[in-house]
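Spelled out from the first residue to the last, the chains are:
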Amino acid sequence: MRYLVISDIHGGAVELEKALGFFEKLHCNFIISLGDLLNHGPRNAVPHSYDPMKVGELLNKFKDKIIAVRGNCDSEVDSMVCTFPLNSPYGYLNFEGSDGVKHKIMLTHGHLYKIETSEQIEKLGLIKGDIVLSGHTHVSGIFKKDSGVININPGSTTIPKGESKAGFAVITENSIELYTLDGVKYDEYDF
């Protein structure tokens, strides 16, 4: 299975359309949305390509292929635009690591569940080698925690922050790859 991972679209239809163009190019089977689909949020400028109805229309074409979690800017009313479930606070995928141990990939937006302390990690049922895929900060990267849990953030398709560029991620059979919105792979985590 291969997954296209997008986050923090914030109503940017042009950028989403560009990211979705990689679904077939990179031979993906499913799309993972880490939240903040339609609304720009009060702390963000309105994107030049802001068209939440178009974002809903684009995503609805993949409704049978989307696994979505809720972001802090998502609401129940967004379900009136999107024809797939998008209000779950988290989800999990399973994988077998190169160590032969079964591990989890936790899917979350990043605003509700923190992985900074051993108590938080234990509460989430995570162990060394597990991966937390989250958005929220709009800063892409692979962040290795002292606990051995790996946090991977695909960044924002529309409003990147820090030195990040707009982008997305792809989960392959044995890695998670980070891409710019132009399709340039710039980082990878092998599991």
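In this text the structure is predicted, and so the values were computed from the model without any measurement.

(A) Focus on the sheet that holds strand 8 (residues 150–153). Taken in spatial order, the 5 strands make up an open sheet running 4-5-6-8-7, and their pairing is mixed. The sheet is open, and its two borders are formed by strand 4 (90–96) and strand 7 (141–144), each paired with just one other strand. Neighbouring strand axes in the sheet, compared pairwise and without regard to direction, differ in orientation by 20° on average. One ladder, built from 3 bridges, connects strand 6 (residues 131–133) with strand 8; its direction is parallel. Residue pairing for strand 8: Ile-131 is matched across the bridge by Ile-150.

(B) Main features of the packing of aromatic side chains. All chains considered together, the criterion is met by 7 aromatic pairs. Look at Phe-95 and Phe-191: their rings are 4.4 Å apart centre to centre, the planes differ by 50°, and that puts the pair in the tilted class. Here Phe-95, found in strand 4, pairs with Phe-191, found in the segment after strand 11 (185–190); they are 96 residues apart in sequence, far enough to count as distant. Accessibility assignment for this pair places Phe-95 and Phe-191 in one class, buried. Joined through ring pairs, the aromatic side chains of Phe-22, Phe-168 and Tyr-179 make up one cluster. One residue, Lys-25, lies across the ring of Phe-22, its end atom 5.0 Å from the ring centre.

(C) Up close: the pairing of strand 5 (residues 102–108). Across the 7 residues that make up strand 5, a large majority, 5, are buried. In the sheet, strand 4 pairs with strand 5 via 7 bridges, with the strands oriented antiparallel. Looking across to strand 5, one finds that Phe-95 is bridged to His-103. Hairpin remark: strand 4 followed by strand 5, antiparallel, with 5 residues in the connecting loop; positive phi at Gly-100, about 80°. Between strand 5 and its parallel partner strand 6, the chain crosses via helix 4 (residues 118–123), and the hand of that crossover is right-handed.

(D) Representation of the sheet that holds strand 3 (residues 66–68) in the model. Taking strand neighbours across the sheet as the criterion, the 6 strands line up as 3-2-1-9-10-11 in an open arrangement whose pairing is mixed. The open sheet is flanked by strand 3 and strand 11, the only strands paired with a single partner. Taken pair by pair, the neighbouring strands of this sheet meet at an average axis angle of 20°, ignoring direction. Its contacts with the sheet place helix 1 (residues 13–20) against strand 1 (3–6), strand 2 (30–33) and strand 9 (167–171), and it is angled at close to 160° to strand 1.

(E) Seen up close, the pairing of strand 9. Taken across its 5 residues, strand 9 has 5 buried, putting it largely inside the fold. Inspection of the sheet shows strand 1 paired to strand 9 by 3 bridges, in the antiparallel sense. Pairing of Tyr-3 across the sheet is with Ile-171, part of strand 9. Pairing analysis gives 5 bridges linking strand 9 to strand 10 (residues 175–180), with the strands arranged antiparallel. Bridging from a neighbouring strand, Ile-171 pairs with Ile-176 of strand 10. Counted between consecutive antiparallel strands, the loop separating strand 9 from strand 10 contains 3 residues.

What counts and what doesn't
- Residues numbered from 1 in each chain as written.
- Predicted model: local features only at pLDDT ≥ 70, side-chain atom pairs only at ≥ 80, totals over all residues.
- Heavy atoms only, no water.
- Pairing = 2+ DSSP bridges.
- Helix = DSSP H or I, 4+ residues; strand = E, 2+ residues; numbered from the N terminus.
- Axes fitted to C-alpha atoms, helices over the stretch in contact; angles between N-to-C directions.
- Phe/Tyr/Trp six-rings, centres within 6.5 Å; stacked < 30°, edge-to-face > 60°.
- Buried < 20%, exposed > 50% of the residue type's maximum accessible area, 1.4 Å probe, protein only.
- Lys NZ or Arg CZ within 6 Å of the ring centre and 35° of its normal.
- Right-handed = clockwise from strand over helix to strand, strands pointing away.
- Contact = heavy atoms within 4.5 Å.

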